Amino acid sequence: MPKIKKKGQAGAAKNYITRTQAVKKLQLSLPDFRKLCIWKGIYPREPRNKKKVSKSVTASTTFYYTKDIQYLLHEPLLQKFRDQKVLEKKISRALGRGDVSDAARFERHAARPEATGKPRYTLNHVIRERYPTFNDALRDLDDCLSMLFLFANLPSTSAVPAKMIARCERLCLEFQHYLIVSHSLRKSFLSIKGIYYQANIQGEDILWLVPYKFNQRIVGDVDFRIMGTFVEFYMTLLGFVNYRLYSSIGLKYPPKFDQLKDENGAELGAFSLEGVNMATQGETQAVANGEEQQVDPKVQAEVDKIIKQLKEDESKSDETAEEDAEADDEEKPTDSIDKFEPVAPGGDVLPQPAYSGTDPSQLFANFTFYLSRETPRQPLEFILRAFGCKRIGWDSVLGEGAFTNDESDPSITHHVIDRPVVQAATSEEGDGEDNQTAQKVGPNQRYPGRIYVQPQWVWDCVNDEELKSPELYAPGAALPPHLSPFVKAAPGQYDPTLPLEAQQTEAEAIEADLEDAKEGAEEGSDIENDMDVDEAEDDEEEEEEDDAEADAEEDEEGDVEEDEEESKTLQRQLELEAELQGKKVQNKKVDPKTKSKLEHRKALEKKAKEEAEDLERAKGMLSKKKRKLFEQMQYTNNKKSAQDEKLRAKRRKLEKEKAQKA
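The structure reproduced in this document is the subject of the present report. Model, not experiment: these values are computed from the prediction.

### Considerations on the overall build of the protein chain
Part 1 of the reasoning: Looking only at helices and strands, the protein chain has 23 helices and 11 strands in total.
Part 2 of the reasoning: The contacts of the protein chain with a sequence gap of at least 6 include a subset with a gap of at least 24, amounting to 62%.
Part 3 of the reasoning: Looking at the protein chain as shown, the accessible area adds up to about 45400 Å², and 51% of this sits on carbon and sulfur atoms.

### A few points about the pairing of strand β4 (residues 195-201)
Part 1 of the reasoning: Most of β4 is tucked away: five of the seven residues are buried.
Part 2 of the reasoning: Bridging between strand β3 (residues 185-190) and β4 involves five bridges; their strand directions are antiparallel. For L190, the partnering residue across the bridge sits in β4 and is I195.
Part 3 of the reasoning: Here β3 hands over to β4 after four residues, the two strands then running antiparallel side by side.
Part 4 of the reasoning: Bridge count for β4 against strand β5 (residues 204-210) is seven bridges, and the pairing is antiparallel. Residue pairing in the sheet places Y197 in a bridge with W208 of β5.
Part 5 of the reasoning: Taken together, β4 and the strand that follows it, β5, pair antiparallel across an intervening segment of two residues, in which Q202 is found at a positive phi of about 50 degrees.

### Thoughts on the pattern of salt bridges
Part 1 of the reasoning: All chains considered together, the criterion is met by 20 salt bridges.
Part 2 of the reasoning: Note that K50 and E46 form a salt bridge whose closest N and O atoms lie 3.1 Å from each other.
Part 3 of the reasoning: Residue K619 is joined to E631 by a salt bridge in which the shortest nitrogen-to-oxygen separation is 3.6 Å. One end of the pair, K619, is in helix α22 (residues 592-619); the other, E631, is in helix α23 (residues 624-661), and 12 residues separate them in sequence.
Part 4 of the reasoning: Residue E631 is classed as partly exposed on the basis of its relative accessible area, which comes to 37%.

### Some thoughts on the sheet that holds β4
Part 1 of the reasoning: Taken together, the three strands give an open sheet; going across it, the order is β3-β4-β5, and neighbouring strands pair in antiparallel fashion. Of all strands in the sheet, those bounded by a partner on one side alone are β3 and β5. Strand after strand, the sheet turns through a mean of 15 degrees between neighbouring axes, direction not considered.
Part 2 of the reasoning: Along the sheet, helix α18 (residues 456-464) makes contact with β3 and β4, crossing β3 at roughly 135 degrees.

### A short note on a positive patch on the surface
Part 1 of the reasoning: The grouping of K85, K89, R93 and R97 at the surface amounts to a positive patch.
Part 2 of the reasoning: Among the secondary structure elements, K85 is positioned in helix α6 (residues 77-97).

### With respect to the sheet that holds strand β9 (residues 391-394)
Part 1 of the reasoning: Spatial strand order, β9-β8-β10-β11: four strands in an open sheet with parallel pairing. A strand with exactly one partner marks an edge of an open sheet, and here the two such strands are β9 and β11 (451-453). With direction set aside, neighbouring strand axes in the sheet form an average angle of 25 degrees.
Part 2 of the reasoning: Against the sheet, helix α17 (residues 377-386) engages β8 (368-371), β9 and β10 (414-416), with an angle of about 165 degrees to β9.

### Side note on helix α2 (residues 19-26)
Part 1 of the reasoning: Of all the positions in α2, only A22, V23 and L26 are classed as buried. Along the axis of α2, the buried residues cluster in a sector spanning 100 degrees; they form a single face. For α2, exposure combined with an orientation more than 90 degrees from the buried face picks out T20 and K24.
Part 2 of the reasoning: Contact partners of the buried residues in α2: β1 (16-18), α3 (30-40), α5 (66-72) and α6.

What counts as what
Residues numbered from 1 in each chain as written. Predicted model: local features only at pLDDT ≥ 70, side-chain atom pairs only at ≥ 80, totals over all residues. Heavy atoms only, no water. Helix = DSSP H or I, 4+ residues; strand = E, 2+ residues; numbered from the N terminus. Contact = heavy atoms within 4.5 Å. Areas by Shrake-Rupley, 256 points an atom, 1.4 Å probe, with all protein chains shown as cover. Buried < 20%, exposed > 50% of the residue type's maximum accessible area, 1.4 Å probe, protein only. Pairing = 2+ DSSP bridges. Salt bridge = Lys/Arg side-chain N within 4 Å of Asp/Glu carboxyl O. Axes fitted to C-alpha atoms, helices over the stretch in contact; angles between N-to-C directions. Patch = residues over 30% accessible without salt bridge, like charges linked within 9 Å, V, L, I, M, F, W, Y side chains within 5 Å. Lys, Arg positive; Asp, Glu negative; His and termini not counted. Charge placed at Lys NZ, Arg CZ, Asp CG, Glu CD. Arc of directions from axis to C-beta.

Right under this line is the structure:
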């Protein structure tokens, strides 16, 4: 006889557990349960059939996997939460007895765990469990960086303590220093939400968002307790990642931090990096903003010894290479680079390798920048340093850490400015002098021999990996469109970088030409009407004389056909109507070019109609399932095509307005 299964011991009823049951099983409060689930990566699950799980289920019931809750029973953090609960009970009992001194002692020991010798809980073991390898941690770094950069810009409140904000800011600046030293930053984009950055760390692309430096307003509809739980986990994660990254390039972690400089707004300049070995000394000097560093003579002697030994090894290897070249009479390898060609026509176009004359990581290495007060100093400083610039100056009101605070420093090559054009000062004789060539510089005047650009120039140079023409980004100039470097244009879609003629369809081009011709004809008719209003009286007299002559001719010639008479009366009626409206009768003559375009448009419409009929006949051969799938694909493609057509029409209108203004 088979064993009888009891209800609720197998299937969905056993695999799922409600949140209330889970909280009772773990003997935790609801806030502690939320914390534990967030840190351990356990999320609610939706069963296929809620009625099979429990008959008393409602729409708001939350379910978890029973195995996940069973896994939480062995978590060491449970004991920490229980100890905290016991401490709270002790404090409440002491206050209930009126023993304030004991309650203060318990609270003091809870606030200072070093006094009791029992540290607070740490999430180190949770990080090691959730991320077995370093690449797993890098893949999950996007949300971590976005959240920490957000909290680093928030004001301190009761929900967001100042210590958390300072910790987030310090971890973010340490991560930025790694990107500067390793030159791992690749792209950046200015959006409405903030500034997007993309870095490549050990083969992993990491994209995060940094808000602008505005005064943030804390609203009440955001639960900062839940966000604070995530931030607490992400701070531990980024600390682990920073330690591993610094160790990989031979730097000590954590770097030295100058509290006084940080209070004066130095930010990146408040950190001083130290190398573990001698190979990193050149890199640590690169982030010192051009300041000279003292070198230990013993270390310098060892470095010179190693360099001398390396040179000897290179000379020996060159000699052996020459001997091998003389001995071998085989073909010499060419310096040409292999090209990747698609196997099938219409395949993916692969990026072709090319000789790089310049290193993108050293794009701004030879320049000295000065940032005006109105420019965003923090993102500009970070991007310029990440791409090789070692000398960046700014006004003293923006904080410490600048290469120079003197705007008239002759070593400055590029001046980033974001204010209206400053006109050249007029001399006493009345001759205006150009700003770029002026020798006497007054207040708010340009300095000679210096390139003035707007901040967008830095971002566009970084995204294109080349120095853009500064004339396009001069102060007061209409800037070129700032396009996202993360969007790759698919074939057939609208691409803002290509000219309009290269991507518009044939029907759109014909329609645009016809509209232009129509507008030109309307403008011509308006001009002629204005001229006719001035000469209305002369036209009336001439028309009366013509009518009299026409009547005389009609009397003389009685053999005129009826069709001609009707056409003349119709023409006369049109002329009279035009006289009453103050306009001139338009001759119904069509331009040959316009006529050919109209015929071509009709041919295209006929062809499109035939293709649609053929497609409908072909769809009839498909099964019902495949036909529905094909119709969904068609709907999506038509929707995208309509959006692209709308963008092209908008661009065509803007170009037309720009041409009229010019």
